[in-house]
Amino acid sequence: MRVFWPVFGFILSATALPPITNNIPLLNAALQIAGVVLNEVECPLVPTDPSTYWYESVTHNGISPFIPNGTDWPVFRNVKTMFDAKGDGVTDDSDALQNAINAGNSFAERNTNSLGTTGQPAVVYLPKGVYVLAKPIQFFVGMILMGDPIDPPTIKAAGNFSGDFMIFAKDPSQGSTTNFYIGMKNVIIDTLDYDKDRNLTLVDWSVSQACQLTNVRFEMPYESTGHVGIAMPEGGSGLIMEDLYFHGGVVGIKLDNQQYHLKSLTFDGCRTGISVQHMFMAHCQGCKFTLCGTGVDTSSPRDGLESLGTFLITDSTVDNTGVLVNTAVTNGSYNSIVLDNVRVNNSVSSTVTVSGEVVLKGSVNQGETWVLGNAYSPNEPTEGAFQSGTVFSASRPTPLVDSSGSFYRLPPPTYKEYGVEQIVNVKDVPGHPVAGDGKADDTASLQAIIDKYAGCKVLFFPYGIYLVTDTLVFPPGSRVFGEAWSAISATGSRFINPGAPVPMVKVGEPGDVGVAQFSDMLFTVEDVLPGCTLLEVNMAGENPGDVGFWNTHFRVGGAADTQIQDKCTTDDPSQCKAAFMLAHFTASSSAYVDNMWGWTADHDLDGGNAQTISVGRGILIESTKPSWFIGFASEHNTLYEVNINNAENVFVGFQQSETPYWQGTTSIPLTPNPWDPALPSDPDFSWCAADDARCRMSLYQRISGSRALYLRGGGFWTFFNGGVACGADEACQTDAVRVDNCFDVVYLGLGVNHVGNLVVRDGRAEVTSEVSRGGWFANVAAYLLG
């Protein structure tokens, strides 16, 4: 046992404690002998509430290592100091902002479509001010438009604005479903000076996974007949939009996408808050509708009612609004509506209106779930029963909810409460050189820096590829902030053995309690590493969000920063067992996960290489302490996408997943091969016939030995069977979700594409697509297992 004493602001070990001395050089030498390092200086991280945001002042020395002349690539671009934007509310700043977005290096500009998805990272930073646009601006993949969160800047449409959209967030060189790694946060978008009755959309958000839209206010005129906050004219495959405020306008969001988690959105004075044009699964959590004509309208989607899945509204409030949900008649498994803890005051004329008829008025109270659609419960027949507006009881465990009884939801941290002197750039620590160039081994220096500043500073990772050859351990007190998805990448022999997998990033040791937070980061592998678990989380927080991940993702293959791009081009997945597992949330952990995409690449983001990759496992959740997964996705992993094993008190607000495209009828080998079941939690597929390739496909969710699970918005999409596209009415995969030996499981909103069984419980198919057709292929509003 080691005992520690504080002396002159240091923590001294009882071992090798020197005699008392006033000789500072001797004291320093003694401290070095005792193994004392600067992290043992007492330096609690206390908010100082500065007037200038730290990111504006911190040293910016990020690089793009895998493009020509990448060391002179400008990751950070301040639109005022570097591109002469005025931000004075008068000058047209359209060109200045676009120049900041386009800027590249001596090899290429960002708008040339010559640097791949991952080679052109950019943070376009707007200090406080009012930036007038007379014409649209165009985003490209790999960028974040970031404002000052202390005093958010305004992007304002001029009265003579020319165009139908202010901001095109979708990169025109990519399809909407491959528009990854795009962000916008901490800004106000204002059309108050533009004719309220002329058509103008503030943002085209036709994007997909690993995109972040947060802390944005859309200021539109009240009584407008032409202004729309967000539209998605080209669709997309999104995950989450969060902490948004829509003021005025004819429509807040025209929702036209495969799926979405909509968290903490406020609609104030919109004629329609959300107009659903196309959607297979959506969850509106913590939404507020006030002074609106209609909150959510699902009555007239562009491709018919039967293409709609489930729209969930959870922990939301409504006041001074005509109708919360306006929809059309449904009598099957499509266009389902589920309300869960929705408080509606007396000023609201109708909570749910179906084809002009009020079918629900008033609140759906805490502990209640109202269902319009097919619901399954343990005592009902296998085919389920259509509910025309049935209330089910749905209690919630105290650890998962706040004082109001709502599931916890937290905004992404900005650390605006800390000054620049409380931020450490990991590339600027004397004595601990860090390259971030995807070539040098940064392990030892990074670990020293992590240990040194835990609890004392926020660690800033400028954009780069930080190569590690051993586990990085983040102790309690760690706070990490990346830049346009800074990457930690594993390489080397330490991660080779699948019989003894090793984590690349380890958050705490079992039993640790404290703070460990990660924002805007990426976890990946530099080589084929069958013994690598990219993330292991052991730590629990004292409060929700103490241990948290925001806008932090996984990528295996499909990029220029990994040898997998060139090594895994054959059709044989056994030749590319690229990682053991993406993430493991262990029994001792308690974490809040918000906007996380675990992607095993199905294509090459930076070139034309085929990618046939086998990652053994997606995300394993074994936490027994409260855990929250918000805007969450796991795709193309071999045994499962998400495995909830011996867990309890877990809230999943949304999960989107796809199976590997190489699995199915013609796939060789058949799952679980090329992986041997190595963990007690691994499915062995013994329920499948030996030659049944459609049964032997990655499970979207395996849930075993667990209880107190509250699952919302599952969107599970199978597109291919052995690399061949599924037929229109074909069930290419047998099972989506398998539940064994569980109780107290509440599942609201579950949709599949080309899957036969939505839910199999204890070996029995309880929810099948045959009797649940709707949405993309099949859809169920509720599955309630007591």
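Use the structure listed above.
As the structure is a computational prediction, the values presented were derived from the model and not from experiment.

(A) Region of the structure containing the overall build of the chain. Tallying secondary structure elements over the chain gives five helices and 56 strands in all. Scaling as 2.2 N^0.38, a compact globule of 786 residues should have a C-alpha radius of gyration of about 28 Å, and the chain matches this with 26 Å. For the C-alpha atoms alone, the extent of the chain along its principal axes is close to 85 × 70 × 50 Å. Taken over 786 residues, the chain has a buried fraction of 65%. Counted over contacts in the chain with a minimum sequence separation of 6, partners at least 24 positions apart contribute 72%. Of the accessible surface of the chain, which amounts to about 25,200 Å², a share of 50% is contributed by carbon and sulfur atoms. For the chain, the centre of its 44 positive side-chain charges and the centre of its 81 negative side-chain charges are spaced 3 Å apart.

(B) Expanded view of the layout of surface pockets. Its boundaries defined by the atoms lining it, the largest pocket holds a volume of some 420 Å³. Lining the largest pocket we find 25 residues, and of these Pro411, Pro412, Pro413, Thr414 and Tyr415 sit closest to its centre. Grouping the constituent residues of the lining of the largest pocket by class yields 11 nonpolar, eight polar and six charged. The volume enclosed by the second largest pocket comes to roughly 320 Å³. Residue lining of the second largest pocket: 17 residues in total, with Gln611, Thr612, Tyr661, Trp662 and Gly723 positioned closest to the centre. When its residues are assigned to classes, the lining of the second largest pocket shows seven nonpolar, eight polar and two charged.

(C) Here's a closer look at the side chain of Ser275. Its location among the elements puts Ser275 in strand β18 (residues 272–278). Looking at Ser275, its side chain comes within polar contact range of the side chain of Gln277, at 2.6 Å. In this structure Ser275 touches Val251, Ile253, Lys254, Leu255 and Asp297, once residues within four positions along its chain are discounted.

(D) Structural context of the state of the cysteines. If you walk through the whole model with that rule in mind, you get four disulfides. At a sulfur-sulfur separation of 1.9 Å, the disulfide partner of Cys568 is Cys576. Between Cys568 and Cys576, the disulfide has an S-S torsion of 80° and is therefore right-handed. By the burial criterion, Cys568 is buried, and Cys576 matches it. Bridging Cys688 to Cys695, the disulfide has an S-S length of 1.9 Å. On the S-S bond that ties Cys688 to Cys695, the torsion sits near -70°, and the link is left-handed. Neither residue differs from the other here; Cys688 and Cys695 are each classed as buried.

(E) Structural view of helix α4 (residues 443–453). Burial runs high along α4: eight of the 11 residues are buried. The complete set of buried residues in α4 reads Thr443, Ser445, Leu446, Gln447, Ile449, Ile450, Lys452 and Tyr453. Structurally, α4 contributes buried residues whose contacts are with β29 (423–425), β30 (437–441), β31 (458–460), β32 (465–468), β33 (472–474) and β34 (478–490). Looking one or two residues beyond α4, the residue adopting positive phi is Gly455, at roughly 80°.

(F) Representation of the sheet that holds β18 in the model. Taken in spatial order, the 10 strands line up as β7-β10-β12-β14-β16-β18-β21-β23-β25-β26 in an open sheet, and their pairing is mixed. With partners counted over all chains shown, the strands left at the sheet margins are β7 (137–138) and β26 (357–360), one partner each. For strand β14 (residues 227–231) and strand β16 (residues 251–256), the ladder comprises two bridges, and the chain directions are parallel. When the bridges of β16 are listed, Val228 appears paired with Val251.

(G) Region of interest: the nonpolar core. Counting 140 residues, the largest nonpolar core has Tyr55, Ile488, Met504, Leu535, Phe549 and Phe585 as its most contacted members. Per-element tally for this core: the top contributor is strand β56 (residues 777–785), with eight residues. Counting 76 residues, the second largest nonpolar core, distinct from the first, contains Ala96, Val207, Ile274 and Val344.

(H) Molecular detail of the pattern of salt bridges. Taken as a whole, this structure holds 29 salt bridges when the rule is applied. Between Asp193 and Lys156 there is a salt bridge whose closest N-O contact spans 3.6 Å. With a gap of 37 residues between them, Asp193 in the loop between β11 (182–190) and β12 (200–204) and Lys156 in strand β9 (residues 154–157) connect regions that are remote in the sequence. With its nearest N and O atoms 3.2 Å apart, the salt bridge here joins Lys196 to Asp197. Classification of Asp197 by relative accessible area gives partly exposed; the value is 40%.

The rules we used
- Residues numbered from 1 in each chain as written.
- Predicted model: local features only at pLDDT ≥ 70, side-chain atom pairs only at ≥ 80, totals over all residues.
- Heavy atoms only, no water.
- Helix = DSSP H or I, 4+ residues; strand = E, 2+ residues; numbered from the N terminus.
- Rg over C-alpha atoms; globule rule 2.2 N^0.38 Å.
- Buried < 20%, exposed > 50% of the residue type's maximum accessible area, 1.4 Å probe, protein only.
- Contact = heavy atoms within 4.5 Å.
- Areas by Shrake-Rupley, 256 points an atom, 1.4 Å probe, with all protein chains shown as cover.
- Lys, Arg positive; Asp, Glu negative; His and termini not counted.
- Charge placed at Lys NZ, Arg CZ, Asp CG, Glu CD.
- 1 Å grid on protein atoms, 1.4 Å probe; cavity = no way out; pocket = protein on both sides within 12 Å on 5 of 7 lines; lining within 4 Å.
- Points joined across faces, edges and corners; volume = space filled by probe spheres on them.
- Nonpolar A, V, L, I, M, F, W, Y, C, P; charged D, E, K, R; others polar.
- Polar contact = N/O pair within 3.5 Å; in protein donor to acceptor, adjacent residues only side chain to side chain.
- Disulfide = S-S within 2.5 Å.
- Pairing = 2+ DSSP bridges.
- Core = buried A, V, L, I, M, F, W, Y, C linked by side-chain atoms within 4.5 Å.
- Salt bridge = Lys/Arg side-chain N within 4 Å of Asp/Glu carboxyl O.

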